[in-house]
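If you want the building blocks of each chain, they are given just below.
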Amino acid sequence: MYMAYGWPQVIPLESGLCPTSEQIIYLKAINRLLLVVSPSHIELWSSSQHKVRLGKYKRDSNSLHREGENLQAVWSPDAKLIAVLTSSFFLHVFKVQFTEKRIQIGGKQPSGLFLATISLLHSEQVPFVNKDLTMSNIVCDNKHMLLGLSNGSLYMISWKAEFCGGFEIDFCHASSTLDEKAYYLNNGLSAKPSILQLELSLSLRLLFVLYSDGKLVLCTVSKKGLKHAELIKFENWVGSGDAVCASVASEQQLLAVGTRRGVVELYDLAESASLLRSVSLYDWGYSVDDTGPVSCIAWTPDNSAFAAGWKSRGLTVWSVSGCRLMSSIRQIGLSASSPMVKRNQDCKYEPLMGGTSLIQWDEYGYRLYAVEEGSSERILAFSFGKCCLNRGVSGTTYVRQVIYGEDRLLVVQSEDTNELKFLHLNLPVSYISQNWPVLNVVASKDGMYLAVAGLHGLILYDIRSKKWRMFGDVTQEQQIQCKGLLWMGKLIVVCNYVESSNSYELLFYPRYHLDQSSLLCRKPLLAKPIVMDIYEDYILVTYRPFDVHIFHVKLSGELTTSTIPDLQLSTVRELSIMTAKSHPAAMRFIPDQLPREYISNNCISSSSDLLTREPARCLILRANGELSLLDLDDGRERELTDSVELFWVTCGQSEEKTNLIEEVSWLDYGHRGMQVWYPSPGVDPFKQEDFLQLDPELEFDREVYPLGLLPNAGVVVGVCQRMSFSACTEFPCFEPSPQAQTILHCLLRHLLQRDKSEEALRLAQLSAEKPHFSHCLEWLLFTVFDAEISRQNANKNQMSVLRSDTKFSLLERTCDLIKNFPEYLDVVVSVARKTDGRHWADLFSAAGRSTELFEECFQRRWYRTAACYILVIAKLEGPAVSQYCALRLLQATLDESLYELAGELVRFLLRSGREYEYASTDSDKLSLSPRFLGYFLFPSSYRRQPLDPKSTSFKEQSAHVASVENILESHASYLMLGKELSKLVAFVKGTQFDLVEYLQRERYGSARLENFSSGLELIGQKLQMGTLQSRLDAEFLLAHMCSVKFKEWIVVLATLLRRSEVLFDIFRYDMRLWKAYSVTLQSQSAFAEYHDLLESLEEKLSSIPSMEEMQ
């Protein structure tokens, strides 16, 4: 797994002599070197810790004019020769030689970098110079080069500049289907389209030929490489016919094909080149119109991920399972998805806005070099960190999540799962400067110690004390070439390569001291190990092709700083397995799981031989993603699943009582998402669960990659990419962001399925204070209920029989579990809202009667939760009961000033009331109508007098509507009499209450102002005009008062708001009112703040002639 971090670095290039066509034509990284070929010159850079130009070769103008610009290039596998084909069909072969002149970088230690010379070795004109042909890229082995031509033929050239001639692929004598053979035969061999790209895999002996019409051909190659052209045989067609580029992952036996549609298709070469899956940015809102077609693809060195660049915009890195690990394209919504973003905008732009032409990983996978389309002046280098995956000869722990870069560690800080974050831990300069880069990182079982190994030696980090421990003797450090690291309790086990004898050995060091004097044991190995693992005192070592050796470690004496105990290794098992499957990528012991209650009942201590006995099984993850279980007793291997990228063995890994995942055997992750495996008490102890095998909620987002587990929190920790933009930098900063996803619901369901309700309750109680606990309970109930619905739909007749035979169903046990927690009421109704109402009866038969649950919420004053039960009650108990509950709840929410919730209840009541009136034909039901219930359920001293039954408006209203309006108007009267005007405004807005009609009716009732001065003082105190919200409320009320011409209220509110224009419009026609208003404000000291308003009004009114003057 690869994740970008930090800012992209810029490698500047020299300008060339061909400005019209200047673009980088070739980019390749080999042996810590980076080769860049432009149309007029060649540059050789160091791709190690220091990015330095080591050498260059610039062609002069005469050479460019005579022989043409550089058009295609290739670098020999040993990095000693460079071949370049020019536009005038000249072949140039250059030789790379390093001088003895060392480059000084700075610091006390030498850099190890030397200047290089690039000299022209051969210059020949190719034989097809006069045929007006174009050329594809060039592929090579140690002896020969191969390129494709526009006439559909291939041409062979040796590294000695010997032209071996051209040939065509024979489609006539191939072991493919007739339809595939006939593709070109029907169109004539002479009409072959041109060859655009060649892709060669020597280890797989495969050659891929891409034609300009989008067809991709798979050919086999001789064991001796490209030398024998006649042995290059057509085998099959690959792809969907619109390919534009391709790249092969030899170790994984996968082929990535880029298409014109902007999609990357993955093909399994081990399964007749069948399509595995497709990845694209479509789900992130970007189409081919935004990104253009795929322009280039590059696999990481370990073939676990690949980068894809697009012609018009950006690049993205994907895992094999289809997880998007990194993208240079900003994710800020569809409105910003257009590639037509101008670079001269004020905001900083994303990298590779103009598209990507070339991409190349360095040999360690720490840097991704990218060239922007049409660019020749620079190369962008993206920094990547790698996850400590459980592959190869380095062990890992799921408890501590670590991403390691070339010179640093990114450690997940997981003390608080609410806020996971990365800690950037820089390695000591004294170590990494001499042993760059980081090659192996492993955390101890408890996650408190980290072992880090670079090119030589190793160092240890204590997370608690935040201190590093290193070899005191640099000579001893340089003697260790670590190929793998494992922790065994307090010991660190090093798989060391001895260069002098070309052999491998195991070294055992105590964690408290790294020195030759503290070396406890040196164990020679038979060959290079491909997989290693440790469990308790047992070490598993696997050699090619598939030989498994298991050693037992016996430590005699105390492991302290003052004593050196005796360590002995004994071989306890040797197993040689003959299989045609791909080689193992990881193997992990599977300890026998003993239930915790069995251990306690039988008085077994944690140090008992029964608990630490030799594991009899192990998990195997093969390079092709196949996960299988190996019985170490008889060598029998059982396939479990495929398309797996990584897995974590969780059983037997922790003795803590707070461990939430003791019931889980292991988890795996692949393109299906996360799978949880449990031990089965039956004959087959490791069996995938029926509907537990893959939980939809465990399927991580396709931009979140899982790193490990937090067993005490019951969560999976993943990582995704974030980008932050800054005004002081040209490019954004890539920031890995840790994410947590719980698996508690799966563990609880597993226990309930096995009728372990007490264990499930203890586990849930341990987790009650954990984040997202309520969400876990909700998902638990939802998945169990959804499975119950599925079984009912599958066989309704059998379900009734099963129910009668089963004492308690899984759904009932789940509900009984959740009832122990206060989240129960919320969880049940949330699940009901997510499922079809037709199945609610089954849910509430197990969860409890909906009216009883509503009543419990109502008594606890959980009104929002209670409101969610209203629709359920309407469905299960009928509209009359639901309206009764809704009316009770409406009054309660009004009393608590929950006006938004009250508005939702009002809308429900009015809607259901109409439906109820239409559906009801029995007049006896009037005694249970909402209107009748409302009269005795909601007494109020502020209830308005009922409307005259003979009036037209009352006859038009249903009894139900009248009941709702009775409640609303009673509450409005209560607020108006108490002059709670801010609440009145919120009430009107929330419930859509008709305030205008109410004011017209209550002008001389509850809305009447008895006295202006007291009203102004009281309303001023209630509204608190110093706040913006109060002024907005006053404006709202003023508008409504003006619409009903309620003069008393208008004068008060306009005065509070200092709306002189409103007051002027009133007083200009009623001077007696003006005089009374003026006298009132001047006579009381409390209104002194309004004297400036009086002066302004008096000035305006004095300019208007009096009524006598007008007559």
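The structure presented is a predicted model; accordingly, all values stated were derived computationally and were not measured.

Trainee: Give me the lowdown on the overall build of the protein chain, citing residues and values where you can.
Mentor: For the protein chain, the count of helices and strands is 29 helices and 54 strands. Every one of the 1111 residues in the protein chain was classed for burial, and the buried ones make up 54%. When the accessible surface of the protein chain is totalled, it reaches about 49500 Å², and 49% of it is carbon and sulfur.

Trainee: Pulling in residues and values, what's your account of the sheet that holds strand 48 (residues 637–641)?
Mentor: Spatial strand order, 45-46-47-48: four strands in an open sheet with antiparallel pairing. Two strands lie at the open edges of the sheet, namely strand 45 (584–590) and strand 48, each paired on one side alone. Direction aside, neighbouring strands of the sheet carry axes that sit 25° apart on average. Note that strand 46 (residues 617–622) and strand 47 (residues 627–631) share five bridges and pair antiparallel. In the sheet register, Cys618 faces strand 47, and the bridge partner there is Leu630.

Trainee: Could you give me a rundown of the nonpolar core, with the residues and numbers involved?
Mentor: The nonpolar side chains of soluble globular proteins are, as a tendency, buried together. Val317, Phe382, Tyr869, Phe987 and Tyr1077 are the most contacted members of the largest nonpolar core, which totals 162 residues. Of the residues forming this core, the biggest block, nine residues, is contributed by helix 9 (residues 773–794). Excluding anything up to four places from it in sequence, Phe382 contacts Pro8, Leu315, Met326, Pro351, Leu352, Tyr366, Arg367, Leu368, Ala370 and Phe734. Membership of the second largest hydrophobic core comes to 42 residues, among which are Val37, Leu81, Val84 and Ala116.

Trainee: Outline the pattern of salt bridges, supporting the account with residue identities and numerical values.
Mentor: Under the criterion given, the structure shown has 44 salt bridges. A salt bridge links Glu43 to Arg53, with the nearest nitrogen and oxygen atoms 3.1 Å apart. In this pair, Glu43 sits in strand 5 (residues 41–46) while Arg53 sits in strand 6 (residues 53–58), placing the two residues 10 residues apart along the sequence. Relative accessible area serves as the criterion here: at 29%, Arg53 is assigned to the partly exposed category.

Trainee: Before we move on, could you go through the packing of aromatic side chains and cite the residues and values that matter?
Mentor: Evaluation of the coordinates by the stated rule reveals 31 aromatic pairs. On the basis of an interplanar angle of 70° and a centroid distance of 5.2 Å, the ring pair of Phe773 and Phe821 is categorised as edge-to-face. One end of the pair, Phe773, is in helix 9; the other, Phe821, is in the loop between helix 11 (810–818) and helix 12 (824–833), with 48 residues separating them in the sequence. Each member of the pair, Phe773 together with Phe821, is buried. The rings of Tyr364, Tyr366, Tyr404 and Trp436 are connected pair by pair, giving a single aromatic cluster.

Trainee: Which residues make up the packing of helix 25 (residues 1047–1057) against helix 26 (residues 1060–1067), and what values do they have?
Mentor: When two helices pack together, their arrangement is given by the angle between the helix axes and by the axis-to-axis distance. Viewed as axis vectors pointing N to C, helix 25 and helix 26 meet at an angle of 145°, and their least axial separation amounts to 8 Å. Both helix 25 and helix 26 take part in a crossing whose hand is left-handed. Where helix 25 approaches helix 26, its residues Lys1047, Ile1050, Val1051, Ala1054 and Thr1055 are matched on the opposing element by Val1062, Leu1063, Ile1066 and Phe1067. Among the residues forming the contact of helix 25 with helix 26, the class breakdown is seven nonpolar, one polar and one charged.

Trainee: Any details on the sheet that holds strand 24 (residues 305–310)? Residues and values, ideally.
Mentor: Strand order in the open sheet formed by four strands is 23-24-25-26, with antiparallel pairing between adjacent strands. Here the strands that pair on one side only, and so sit at the sheet edges, are strand 23 (294–299) and strand 26 (324–327). Pairwise comparison of adjacent strand axes, ignoring direction, gives a mean angle of 20° for this sheet. With five bridges joining them, strand 23 and strand 24 adopt antiparallel strand pairing. Across the sheet, residue Ile297 finds its bridge partner in strand 24, namely Ala308.

Trainee: Which residues make up helix 11, and what values go with them?
Mentor: For helix 11, the tally of buried residues reaches seven of nine residues, placing the bulk of the element in the interior. Among the residues of helix 11, those classed as buried are Leu810, Leu811, Arg813, Thr814, Cys815, Leu817 and Ile818.

Trainee: Can you explain the side chain of Thr835? Please cite residues and give values.
Mentor: Looking at the secondary structure, you find Thr835 in the loop between helix 12 and helix 13 (840–847). A polar side-chain atom of Thr835 sits 3.2 Å from the main-chain carbonyl oxygen of Val831. If sequence neighbours within four positions are ignored, Thr835 has contacts with Phe782, Phe785 and Trp840.

Trainee: Which residues make up the pairing of strand 4 (residues 33–37), and what values do they have?
Mentor: Here strand 4 lies mainly inside the structure; five of its five residues are buried. In this sheet, strand 4 lies alongside strand 3 (residues 26–30) in antiparallel orientation, the contact comprising five bridges. Following the sheet pairing, Tyr26 is matched in strand 4 by Val37.

Trainee: Could you give me a rundown of the state of the cysteines, with the residues and numbers involved?
Mentor: Applying the stated criterion to the full structure yields zero disulfides. Free cysteine Cys495: the closest other cysteine sulfur is in Cys482, separated by 7.3 Å. Of all cysteine sulfurs in the structure, the one in Cys776 sits closest to Cys746, which takes part in no disulfide; the separation is 9.1 Å. On the basis of relative accessibility, which here comes to 0%, the residue Cys746 falls in the buried class.

Trainee: Break down the environment of Glu1010 for me, citing the residues and quoting the values.
Mentor: Topologically, Glu1010 is positioned in the loop between helix 22 (995–1001) and helix 23 (1012–1023). Expressed as a C-alpha distance, the spacing of Glu1010 and Glu1048, which sit 38 residues apart in the sequence, is 9.2 Å.

Trainee: If you had to explain the side chain of Ser158 to someone new, which residues and values would you point to?
Mentor: Here Ser158 shows up in strand 13 (residues 154–158). For Ser158, a relative accessible area of 5% corresponds to the buried category. In contact with Ser158, not counting residues within four places along its chain, are Lys143, His144, Met145 and Cys164.

Trainee: Any details on a positive patch on the surface? Residues and values, ideally.
Mentor: A surface patch of like charges, here positive, comprises Lys143, Lys160, Lys224 and Lys227. Within the secondary structure layout, Lys160 lies in the loop between strand 13 and strand 14 (163–167). For Lys160, a relative accessible area of 60% corresponds to the exposed category.

Trainee: Explain the environment of Arg522 to me, using residue names and the numbers behind them.
Mentor: One can find Arg522 in strand 40 (residues 521–524). On the accessibility criterion, Arg522 (40% relative accessible area) is partly exposed. Along the sequence, Arg522 and Val494 sit 28 residues apart, while their C-alpha atoms lie 9.7 Å from each other. If near-sequence neighbours (up to four positions away) are discounted, Arg522 is found in contact with Glu505, Leu506, Leu507 and Gln516.

Trainee: Can you tell me about the environment of Trp436, naming the residues and giving the values?
Mentor: Tracing the chain through its elements places Trp436 in the loop between helix 4 (429–435) and strand 33 (440–443). Once residues within four sequence positions are removed from consideration, Trp436 is found in contact with Arg32, Ser47, Ser48, Gln49, Tyr364, Glu406 and Leu455.

Trainee: Quick rundown of helix 16 (residues 879–895)? Include the residues and the values.
Mentor: Within an α-helix, residues lying three or four positions from one another point in the same direction, as the helix has 3.6 residues per turn. End to end, helix 16 covers 24 Å across 17 residues, agreeing with the expected 24 Å (1.5 Å per residue, within 8%). When you tally the buried positions in helix 16, you get 12 out of 17 residues, the bulk of the element. Directly beyond the C-terminal end of helix 16, a positive phi value near 60° is found at Ser897.

Trainee: Let's hear about unusual backbone geometry: which residues, and what values?
Mentor: The linkage connecting Trp436 with the following residue, Pro437, adopts the cis geometry, with an omega of 0°. Locating Pro437 in the fold gives a position in the loop between helix 4 and strand 33. Positive phi values are uncommon outside glycine, yet Arg32 reaches one of about 65°. Within the secondary structure, Arg32 is located in the loop between strand 3 and strand 4. Judged by its relative accessible area of 25%, Arg32 is partly exposed.

Trainee: Lay out the packing of helix 26 against helix 28 (residues 1091–1102) with the relevant residues and their values.
Mentor: Contact pair helix 26 / helix 28: the axes reach a minimum separation of 10 Å and the direction vectors enclose 45°. Taken together, the axes of helix 26 and helix 28 lie oblique to each other. Along this stretch, helix 26 crosses helix 28, giving a crossing that reads as right-handed. Every residue of helix 28 that contacts helix 26 at Ser1060, Leu1063, Phe1064 and Phe1067 is listed here: Leu1093, Leu1097, Lys1100 and Leu1101. Among the residues making up the contact of helix 26 with helix 28, the classes are represented as six nonpolar, one polar and one charged.

Trainee: Go over the confidence of the model for the protein chain, please, and point to the residues and values.
Mentor: Here the protein chain averages 83 in pLDDT, while 84% of its residues score no lower than 70. In the predicted structure, residues 921–957 sits below a pLDDT of 50 and forms 44 contacts with residues beyond four places in sequence or in another chain.

Thresholds applied
- Residues numbered from 1 in each chain as written.
- Predicted model: local features only at pLDDT ≥ 70, side-chain atom pairs only at ≥ 80, totals over all residues.
- Heavy atoms only, no water.
- Helix = DSSP H or I, 4+ residues; strand = E, 2+ residues; numbered from the N terminus.
- Buried < 20%, exposed > 50% of the residue type's maximum accessible area, 1.4 Å probe, protein only.
- Areas by Shrake-Rupley, 256 points an atom, 1.4 Å probe, with all protein chains shown as cover.
- Pairing = 2+ DSSP bridges.
- Axes fitted to C-alpha atoms, helices over the stretch in contact; angles between N-to-C directions.
- Core = buried A, V, L, I, M, F, W, Y, C linked by side-chain atoms within 4.5 Å.
- Contact = heavy atoms within 4.5 Å.
- Salt bridge = Lys/Arg side-chain N within 4 Å of Asp/Glu carboxyl O.
- Phe/Tyr/Trp six-rings, centres within 6.5 Å; stacked < 30°, edge-to-face > 60°.
- Left-handed = near helix turned anticlockwise from the far one by under 90°.
- Nonpolar A, V, L, I, M, F, W, Y, C, P; charged D, E, K, R; others polar.
- Polar contact = N/O pair within 3.5 Å; in protein donor to acceptor, adjacent residues only side chain to side chain.
- Disulfide = S-S within 2.5 Å.
- Patch = residues over 30% accessible without salt bridge, like charges linked within 9 Å, V, L, I, M, F, W, Y side chains within 5 Å.
- Lys, Arg positive; Asp, Glu negative; His and termini not counted.
- Charge placed at Lys NZ, Arg CZ, Asp CG, Glu CD.
- Expected span 1.5 Å × (residues − 1).
- Parallel < 35°, antiparallel > 145°, perpendicular 65-115°, else oblique.
- pLDDT = per-residue confidence, 0-100.

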